[in-house]
Amino acid sequence: MTVLGRYDYSAITRRKPLTMPGNARIAVFVVPNVEYLEWLPPPNPQRAPYPGPVPNVQAFQPRDYGNRVALWRLFELFDDLGIRATASMNAAVFEHFPRIAEEMAKRDWDYQSHGLYNTRFALGMDEATERELIDTVINIVRKSTGKTISGWLGPALTTTSRTPDLLAEAGVKYWADMFHDDEPTELKVAKGRLISLPYSFEVNSGVALGGQAQTAEAFGRFIMDQFDMLYEEGATAPKVMAICLHPFAVTAPSRIKYLRQALEYILGHSGVWQATAGDIADWYYANHYGRRLSSAAADAA
């Protein structure tokens, strides 16, 4: 039986272990969420762009700080540590702030779409509108950076039942909205191919520092603890780990040292493949795609 008609159930202990470049135990990709919230966003019948009336200065201001200040600290930190990131982009950032696109392109970052604005949701979109959204984002990123997006994370984590089919049709390599595994998962789509790539609610500054109101020190501990568990498991069955960051939260002056400590801790281990999400997707397609289905089918039987 398939789950949601998109993928087979597969117990992780029944799968043939992945083989990573350099026999790595874990692939780690770092994902800064670079967002733009509109001052006066259009309404959505299924979900309000902001809680309460607009304009919502309390919600708008942190992202504005992120793009004006915090992101630049993140550039410096990643330069210092040699990290090549995967930006989860609201594509409108590139139109409003082309300097950000220039700096990312200079560092050869990878791009994961996070929609056009984080105040315009996929909920309730008809097929033509969603297809136009995907095409618009791809074109903006390509024009701004010379690169094509490798993956997709729905704007504000919103999606439709047809999203995977439209992404595969557009040539997008992976979808990050499922949060359901520690390894890539092959998805069933109408045409082409698509995988789900591990993303995280747990190691996610929007959740930990936002909704859970954890301290920055605790969030740094989350990152290291999750790494420790996956690294241990990776000795026999390599895993993929996403570190999901929001610059306005993690590189505020009172918090950045804890992020640095966590990243230095991870990079200090052997057997770590620090890659972009696009690199990981390319590796999976080249080495494992279509070759792990038999164990999944056996579990589903």
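Remember, it's a predicted structure, so these values are computed and weren't measured experimentally.

A count of helical and extended segments in the protein gives eleven helices and eleven strands. In terms of overall dimensions, the protein has C-alpha extents of about 55 × 45 × 35 Å along its principal axes. Residues counted as buried form 53% of the 301 residues belonging to the protein. Across the protein, contacts joining residues at least 24 apart in sequence account for 73% of those joining residues at least 6 apart. Within the protein, one finds 30 positive and 34 negative side-chain charges whose respective centroids are separated by 2 Å.

We now examine the pairing of strand β3 (residues 26-34). Within β3, nine of the nine residues are buried, which leaves the element mostly enclosed by the surrounding structure. Residues I26, V28, V30, P32 and V34 point to one face of β3 and A27, F29, V31 and N33 to the other, with burial holding for every one of them. In terms of strand pairing, β3 meets strand β11 (residues 272-274) through three bridges, oriented parallel. Across the sheet, residue A27 finds its bridge partner in β11, namely W273. Here β3 runs beside strand β4 (residues 86-89); their pairing, made up of two bridges, is parallel. Along β4, the bridge assignment pairs N33 with S88. The handedness of the β3 to β4 crossover, carried by helix α1 (residues 57-81), is right-handed.

With that settled, the discussion passes to helix α4 (residues 127-145). The terminal C-alpha atoms of α4 lie 27 Å apart, and with 19 residues this matches the ideal 27 Å at 1.5 Å per residue to within 8%. What α4 keeps buried is the set E130, L133, I134, V137, I138, I140, V141 and T145. End-on view of α4: buried residues confined to an arc of 165°, all on one side of the axis. Turned more than 90 degrees off the buried face of α4, the exposed positions are A128, E132 and K143. Backbone geometry just after α4 places G146 at a positive phi near 80°.

Our next topic: the environment of Y199. Following the sequence through the fold, Y199 ends up in the loop between β9 (194-196) and α6 (205-211). Owing to a relative accessible area of 8%, Y199 belongs among the buried residues under this scheme. Y199 sits 163 residues away from Y36 along the chain, and the two C-alpha atoms are 21 Å apart. The contact partners of Y199, leaving out residues within four places of it in the chain, are V31, N33, Q112, L153, A176, F179, N204, A242 and C244. Here the side chain of Y199 touches N33 through a polar contact of 3.1 Å, side chain to side chain.

Moving on: the side chain of K239. Along the chain, the position of K239 falls in strand β10 (residues 239-245). Using a relative accessible area of 5% as the deciding quantity, one classes K239 as buried. For K239, the side chain forms a polar contact with the main-chain oxygen of A237, separated by 2.6 Å. When residues no more than four places from it in sequence are discounted, the contact partners of K239 are I12, M20, R25, I26, A27, D182, E183, L230 and E233.

A rise of 1.5 Å per residue sets the reference length of α1, with its 25 residues, at 36 Å; its end C-alpha atoms lie 34 Å apart and thus fit the reference within 8%. Of all the bends found along α1, the most pronounced is centred on N67 and spans about 50°. Burial in α1 covers these residues: A59, F60, P62, G66, N67, A70, L71, L74, F75, L77, F78 and L81. Between a side-chain oxygen at the N-terminus of α1 and the backbone nitrogen of Q58 the separation is 3.2 Å; the capping residue is N56. Once α1 finishes, G82 follows within two positions and takes phi at roughly 75°, a positive value.

Here is what the cut-offs are and how they apply
- Residues numbered from 1 in each chain as written.
- Predicted model: local features only at pLDDT ≥ 70, side-chain atom pairs only at ≥ 80, totals over all residues.
- Heavy atoms only, no water.
- Helix = DSSP H or I, 4+ residues; strand = E, 2+ residues; numbered from the N terminus.
- Buried < 20%, exposed > 50% of the residue type's maximum accessible area, 1.4 Å probe, protein only.
- Contact = heavy atoms within 4.5 Å.
- Lys, Arg positive; Asp, Glu negative; His and termini not counted.
- Charge placed at Lys NZ, Arg CZ, Asp CG, Glu CD.
- Pairing = 2+ DSSP bridges.
- Right-handed = clockwise from strand over helix to strand, strands pointing away.
- Expected span 1.5 Å × (residues − 1).
- Arc of directions from axis to C-beta.
- Polar contact = N/O pair within 3.5 Å; in protein donor to acceptor, adjacent residues only side chain to side chain.
- Bend = angle between axes of the 7 residues up to and from the residue.

In short, geometric facts, not functional conclusions.
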